[in-house]
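In case you want the letters, here they are:
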Amino acid sequence: MKNLYIYLVLLIIVASSCSSNDSEIKPNEKGTLTLHFDNVVGDKDLTLTSGVYTNSSSESFSVTTLKYFISNIKLKTTDNKEFVVPQDSSYFLVDESVEESQDLLLKDIPAADYNEVTFTIGVDSARSVSDVSKRKGVLDPAETDMYWSWNSGYIFFKMEGTSTAIDDSFYYHIGGYGGYSSDAKTFNNIKTISIHFGGDKATVRSTIEPEAHFYVDVLKVFNGETTLSIKDHPMVMFSDYSVNIATNYASIIEYGHVHNDPKK
Amino acid sequence: MLLTCCDGEPEPEMRIDAPVNFPSITYNTQKNPVTTKGFELGRSLFYDGILSRDGTISCGSCHQQGAAFSHRGHIVSHGIDDKLGTRNAPPIMNLAWQKYFLWDGGVHDLDLQPVAPIQNPVEMDEKLERVLDKLRNHESYPDKFDQAFGSNEINTERLLKALSQFMVTLVSGNSRYDKYKRGEGEVLTSDEIEGLNLVQQKCASCHSTDLFTDLSFRDNGLDETTKTDYGRYAITLKETDRFKFKVPSLRNVEVTAPYMHDGRFRNLDMVLDHYAEGVHNNANLDPLLKQGDVLGISLTKDDKARIIAFIKTLTDRQFLRDTRFSEASK
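Residues numbered from 1 in each chain as written. Chains lettered and ligands numbered in written order. Predicted model: local features only at pLDDT ≥ 70, side-chain atom pairs only at ≥ 80, totals over all residues.

1. Structural notes on the overall build of chain B
Argument step 1. If you tally the helices and strands in chain B, you get twelve helices and four strands.
Argument step 2. Its C-alpha radius of gyration of 21 Å places chain B within 12% of the 20 Å reference for a compact globule of 330 residues.
Argument step 3. In terms of principal-axis extent, the alpha carbons of chain B reach across some 65 × 50 × 30 Å.
Argument step 4. Taking all 330 residues of chain B together, the buried fraction comes to 45%.
Argument step 5. A sequence separation of at least 24 residues applies to 67% of the contacts in chain B between residues at least 6 apart. (Helix = DSSP H or I, 4+ residues; strand = E, 2+ residues; numbered from the N terminus. Rg over C-alpha atoms; globule rule 2.2 N^0.38 Å. Buried ≥ 20, exposed ≤ 12 C-beta atoms within 10 Å, placed from the backbone. Contact = placed C-beta atoms within 7 Å.)

Here is the structure:
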């Protein structure tokens, strides 16, 4: 019995110290972290146009377009150190119709063990009023339809589709960063969320390229703090009601899992 | 315009011809210095239908120099396929002093303004991306971009900044009034001077400074009962902004009829009649147009005639004819 006890203790000691994740980090070591956004509808995968789903208002619907900005990404390590992804490299547009856009590649991340990510759904207000030279890539009005030219600003979250509850399509174009001056204040639908990985960690190393998966449950856009009914609100764009949809979508992203894959 | 000379050297700098009687400019020339080649590129683009889906509509289609770059005689403009817009085309002048653009101030940066008409389905109905492609494949634009920006890369930033360089250069500050004000030998008639005094007393609380606008948004008592254009409300969603529109400048109004955001008044007589007798007690009516129970501005027939006489001295014929601002021959 005593031998077994010693055996167990030894096993525990060996097991806890013997993980490939505990390789020593060299100074200035960097790696790549991928954030994967998997768009789903409740417990089903999201399939554009052909997928049919039901919301809590018993409305049957399909989604034809789903796009949203993810920006201003920050990572936190297991010992509470924060790394801010350089802002110019931190604007992404996740588009359900573009597979590559669902993988956010973060390069030159300092090697560390990360277990929390913070990001913004939308485009921050400073960038929304910045010089046109700062509008590159997914922020370029020539590259995106997520931009209101008549009320300068970005559309943060766009979801369109059809439903048996209405004749036409439904359109949710949600934006509004607070306005460009104190006499032009508007609502602010920018949402910043932090997601913890629980007991998991993404071990970024020069030889390990972790991929963290998140689920984005669009059913919760309907079934949220406000119950959004397509019949009652088939078109929501720049209006006071959009605040309710933004509050709903602030809660639709959840942590799935992480795999710490060796670099290919 | 100050031009320093060139011989294979960095671009000659142009400066915005700011009249001494104007306040300081708002446009940030640090982020987009005006150069001769940038200005010329902007001018080419301004008059080029390439910005529209079918090549027929340019900025110059609705912003015509002889009308101070407004669309004289048009209540609203007709864009592509003769589709009608909803608002009267404002003049393009003195934009370097504007803070916000469009009748409702929906655009806060001149550089971003062209995106709106280019992509509006009833104006040019084109996508920015396609405009850039057309320019890249054009026989002379890549070279023009090279001369303006140092390489033949054609992108959103350069397209918009070139247009801004042209637009900010459109300065109107050499009317008879300006020359009179600056003591440059211009003489105004006694009626015109009387009119000037009346404008200063009765109109300058909104049409202030030598810009003849304080750039604010106000409800000037137009009859809104059958109208659905809510003005600034669409931008801020504030009830107190319902039916507020930007105070336009009085400069060159002799040639920019019809008047108001929807072109409802076809001449200046109708405008002054509105202020004297036609002001409606709207919910957000500007307090300056309501003294106790009295609505509007008290104006006699003679007052109106003199005001109009003065307003005509604000017509800047140099600006309307300046060939630097005209469509250059191809």
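2. Concerning helix α4 (residues 242-249) of chain A
Argument step 1. Within α4(A) the residues assigned to the buried category are Ser242(A), Ile245(A), Ala246(A), Asn248(A) and Tyr249(A). Angular distribution of buried residues about the axis of α4(A) spans 160°; they occupy a single face of the element. (Arc of directions from axis to C-beta.)

3. Focus: the interface of chain A and chain B
Argument step 1. Taken together, the contact pairs 19 residues of chain A with 21 residues of chain B.
Argument step 2. Of the residues that constitute the side of chain A that touches chain B, the class distribution is seven nonpolar, seven polar and five charged. (Nonpolar A, V, L, I, M, F, W, Y, C, P; charged D, E, K, R; others polar.)

4. Here we look at the nonpolar core
Argument step 1. Ranked by size, the top nonpolar core spans 71 residues in total, and within it Leu95(B), Ala162(B), Leu163(B), Met167(B), Val168(B) and Leu170(B) carry the most contacts.
Argument step 2. Top contributing element to this core by residue count: helix α6 (residues 156-169) of chain B, with seven residues.
Argument step 3. Taken together, domain 1 (36-172) and domain 2 (176-314) of chain B each give at least three residues to this core, which thus spans both.
Argument step 4. Look past the residues within four positions of Ala162(B) in its chain and what remains in contact with it is Gly38(B), Leu41(B), Gly42(B), Leu45(B) and Ala148(B).
Argument step 5. Core analysis: the next-biggest nonpolar cluster, separate from the first, contains 62 residues, Tyr68(A), Val117(A), Met146(A) and Phe238(A) among them. (Core = buried A, V, L, I, M, F, W, Y, C linked by C-beta atoms within 7 Å. Domains from an automatic or database assignment.)

5. Quick notes on the pairing of strand β11 (residues 169-175) of chain A
Residue and element names in this part refer to chain A.
Argument step 1. Burial analysis of β11 places five of its seven residues in the buried class, which makes it a mostly covered element.
Argument step 2. One ladder, built from seven bridges, connects strand β10 (residues 153-163) with β11; its direction is antiparallel. Bridged to Lys158 within β11 is His173.
Argument step 3. Pairing between β11 and strand β15 (residues 235-236): two bridges, direction parallel. Of the residues in β15, the one forming a bridge with Tyr171 is Met235. (Pairing = 2+ DSSP bridges.)

6. Structural notes on the environment of Phe243(B)
Residue and element names in this part refer to chain B.
Argument step 1. Tracing the chain through its elements places Phe243 in the loop between α9 (233-236) and β2 (245-246).
Argument step 2. By the C-beta count within 10 Å, which is 23 here, Phe243 ends up buried.
Argument step 3. The sequence separation of Phe243 and Val171 amounts to 72 residues, and the corresponding C-alpha distance is 29 Å.
Argument step 4. With residues near it in sequence (within four places) discarded, Phe243 still touches Asp219, Glu224, Tyr230, Gly231, Asn282 and Asn284.

7. Remarks on the domain arrangement of chain B
Residue and element names in this part refer to chain B.
Argument step 1. When its domains are assigned, chain B resolves into domain 1 (36-172) and domain 2 (176-314).
Argument step 2. Listed by partner, the interface residues are 24 residues for domain 1 and 22 residues for domain 2.
Argument step 3. The residue makeup of the side of domain 1 that touches domain 2, split by class, is nine nonpolar, eleven polar and four charged.

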